[in-house]
Amino acid sequence: MTDKQIIYMDHAATTSTGPKVVSAMLPYFTKQYGNPSSIYSIAQKNRAVIEECRMNIAKSLNASSGNVYFTAGGTEADNWALKGCACIHGKGHIITSKIEHHAILHTCDFLCKHGYDITYLDVDENGLIRPDRVMTSIRKDTIMISVMCANNEIGVIEPIKEIGEIARKNNIIFHTDAVQAYGQIPIDVDELNIDMLSASGHKLGGPKGIGFLYIRKGVNVESFIHGGAQEGGNRSGTENVPAIVGLSKAVEESFKTMDERAKHEIELRNYMIEKIMKEIPYVRLNGHRIRRLPNNVNMSFQFVQGEALLVMLDMDGICASAGSACASGSSSPSHVLLAIGLPDDIAYGAVRFTLGFENTISQIDYVVDCLKKHVGKLREMSPQYEDFCKR
Ligand code: PLP
């Protein structure tokens, strides 16, 4: 029996760890396994390796001032940024948006319970945050602004530079969740006025369970995990050296191929959007048409449940996602799709395809053929569609 061929179009959920990344990591499990805090030479070599990786990642952000601190992924980096800043001030007001990942939103809920005041900014119908709304939301006691670089569900790229400028002028710390954007589009923390940035390894061909928080020099943030002196005492715990090496290698590879990959993915993305719009009636593209990540296609299929469509696509070997992977399994419609003003039924009909370098035009042709077939079948079973056709 041969394995069914898989067409993977869920790169925003996670990516496979590339072969070059895996080979870079392997020696650190079996040969060079010393604890970087030990004093003998195989251990000290690992300390030097960690510092090389840190520099490599800082370079990718043009981070001339500040530092990269390794974390166990994007969620931890987001938690640290928000709680670490809140803790320093003891009280105050935080500005964020309604379309952030739950790593930010649920951390804000937690801070709210502990007496912090949170403003959740609206977005327009394309998912864009208006910088003037950021400006008018600032209060005397605002301690932080946290707005994502690019949204995980609809791929919209936010006006980070303008928001960063507003934060800088008002002397407020600006954090961005760049988990989806980092490795996909260039990010220069100085040019974009970013004080703190979260990123994650498994979104860019690195291993899972590793990420980092960039913190600009002079930005005061409370330590997140207390214990030993690792990461300057800010994030204690024996370093995951193989994962750090893997993350650094993945960063190197994804920045090397960024332009070529973006060109390929934009071509595929536009082809897929146009083909779906042309061949399937009653569909809608969610998120800004142009200001979106190169690989993101998020479409709503009216009179269809996105989750049911996903199950049918899975039987054809196609991997995609309804809303965000982290939110799937929940029965309420995506908070992002509601925030852009979609009614519940259209939000429930959304499917997200996130493309990768290895995807091809012929795979898209196959996926759209499958979509056409399944959307047709699901609509045949939909009482709402029947009513609609009778009108
Ligand atoms: N932030 C965004 C925008 C994400 O898309 C994700 C994961 O999907 C996260 C944070 C969490 O990252 P991690 O899976 O590394 O914890």
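Quantities reported herein were computed from a predicted structural model and do not represent experimental measurements.

Criteria and thresholds
- Residues numbered from 1 in each chain as written.
- Predicted model: local features only at pLDDT ≥ 70, side-chain atom pairs only at ≥ 80, totals over all residues.
- Heavy atoms only, no water.
- Helix = DSSP H or I, 4+ residues; strand = E, 2+ residues; numbered from the N terminus.
- Rg over C-alpha atoms; globule rule 2.2 N^0.38 Å.
- Buried < 20%, exposed > 50% of the residue type's maximum accessible area, 1.4 Å probe, protein only.
- Contact = heavy atoms within 4.5 Å.
- Areas by Shrake-Rupley, 256 points an atom, 1.4 Å probe, with all protein chains shown as cover.
- Lys, Arg positive; Asp, Glu negative; His and termini not counted.
- Charge placed at Lys NZ, Arg CZ, Asp CG, Glu CD.
- Pairing = 2+ DSSP bridges.
- Axes fitted to C-alpha atoms, helices over the stretch in contact; angles between N-to-C directions.
- Near = heavy atom within 4 Å.
- Polar contact = N/O pair within 3.5 Å; in protein donor to acceptor, adjacent residues only side chain to side chain.
- Nonpolar A, V, L, I, M, F, W, Y, C, P; charged D, E, K, R; others polar.
- Parallel < 35°, antiparallel > 145°, perpendicular 65-115°, else oblique.
- Left-handed = near helix turned anticlockwise from the far one by under 90°.
- Core = buried A, V, L, I, M, F, W, Y, C linked by side-chain atoms within 4.5 Å.

Helices and strands together make up the secondary structure of the protein chain, namely 14 helices and twelve strands. Scaling as 2.2 N^0.38, a compact globule of 391 residues should have a C-alpha radius of gyration of about 21 Å, and the protein chain matches this with 22 Å. For the protein chain, the spread of C-alpha atoms along the three principal axes comes to 75 × 60 × 35 Å. Buried positions account for 57% of the 391 residues belonging to the protein chain. Once local pairs closer than 6 in sequence are excluded, the contacts in the protein chain between residues at least 24 apart make up 74%. Total accessible area on the protein chain stands at roughly 17200 Å², and carbon and sulfur atoms take up 55% of it. Charge centroids of the protein chain, computed over 41 positive and 45 negative side chains, lie 2 Å from each other.

This next bit is on the sheet that holds strand S10 (residues 296–301). Taken together, three strands build an open sheet; the order of strands is S9-S10-S12 and the sheet is antiparallel. The open sheet terminates on both sides in strands that have one partner only, identified here as strand S9 (283–285) and strand S12 (350–354). In this sheet, neighbouring strand axes are inclined to one another by 25° on average, regardless of whether the strands run parallel or antiparallel. The pairing of S10 with S12 spans five bridges and is classified as antiparallel. Bridge pairing in S12 links Met299 to Val351. Sheet strands touched by helix H9 (residues 258–279): S9, S10 and S12. Its angle to S10, the strand with the most contacts, is close to 10°.

Attention now goes to the site of the ligand. Near the ligand there are 14 residues, and of these Thr75, Asp177, Gln180, Ser200 and Lys203 occur at the shortest range. Contact between the ligand and His202: an oxygen atom at 2.9 Å from a side-chain N or O atom of the residue. Lys203 places a side-chain nitrogen or oxygen 2.6 Å from an oxygen atom of the ligand. Sort the elements by how many residues they give to the shell around the ligand and helix H4 (residues 74–89) lands first, with three residues. In terms of residue class, the shell around the ligand is made up of three nonpolar, eight polar and three charged.

Of note in the backbone geometry, Glu231 takes a positive phi value of approximately 50° without being a glycine. Considering the arrangement of structural elements, one finds Glu231 in the loop between strand S8 (211–215) and helix H8 (241–256). Take Glu231: its relative accessible area is 7%, and that puts it in the buried class. Look at Phe303: it is not a glycine, yet its phi comes out positive at around 70°. Within the element layout of this structure, Phe303 appears in the loop between S10 and helix H10 (306–315).

Attention now moves to the packing of H9 against helix H13 (residues 361–380). Orientation of H9 relative to H13, taken along the N-to-C sense of each, is 25°, at an axis distance of 10 Å. Comparing the axis directions of H9 and H13 gives the class roughly parallel. Here H9 and H13 pass one another in a crossing that is right-handed. Here Leu268, Tyr271, Met272, Lys275, Ile276 and Glu279 of H9 come into contact with H13, specifically with Ile361, Ile364, Asp365, Val367, Val368, Leu371 and Lys372. Along the lines of polarity and charge, the residues of the contact of H9 with H13 split into nine nonpolar, no polar and four charged.

Let us now look at the nonpolar core. Ranked by internal contacts, the top residues of the largest apolar core, which has 63 residues, are Leu61, Phe70, Ile145, Tyr182, Ile187, Leu197 and Phe212. Looking at this core, the element that brings in the most residues is H8, giving seven residues. In this view, Ile145 contacts Ile95, Val134, Ile138, Ile163, Ala167, Ile172, Ile173, Phe174 and His175; residues no more than four positions away in its chain are not counted. Of all hydrophobic cores here, the second largest spans 30 residues; its members include Ile7, Val297, Val351 and Cys370.

Read across the open sheet, the seven strands follow the order S2-S8-S7-S6-S5-S3-S4; overall the sheet is mixed. Each having just a single partner strand, strand S2 (67–71) and strand S4 (117–121) make up the two edges of the open sheet. With strand direction ignored, the average angle separating the axes of adjacent strands in the sheet is 20°. Bridging between strand S3 (residues 93–97) and S4 involves five bridges; their strand directions are parallel. Counted as the bridge partner of Ser97 is Leu121 from S4.

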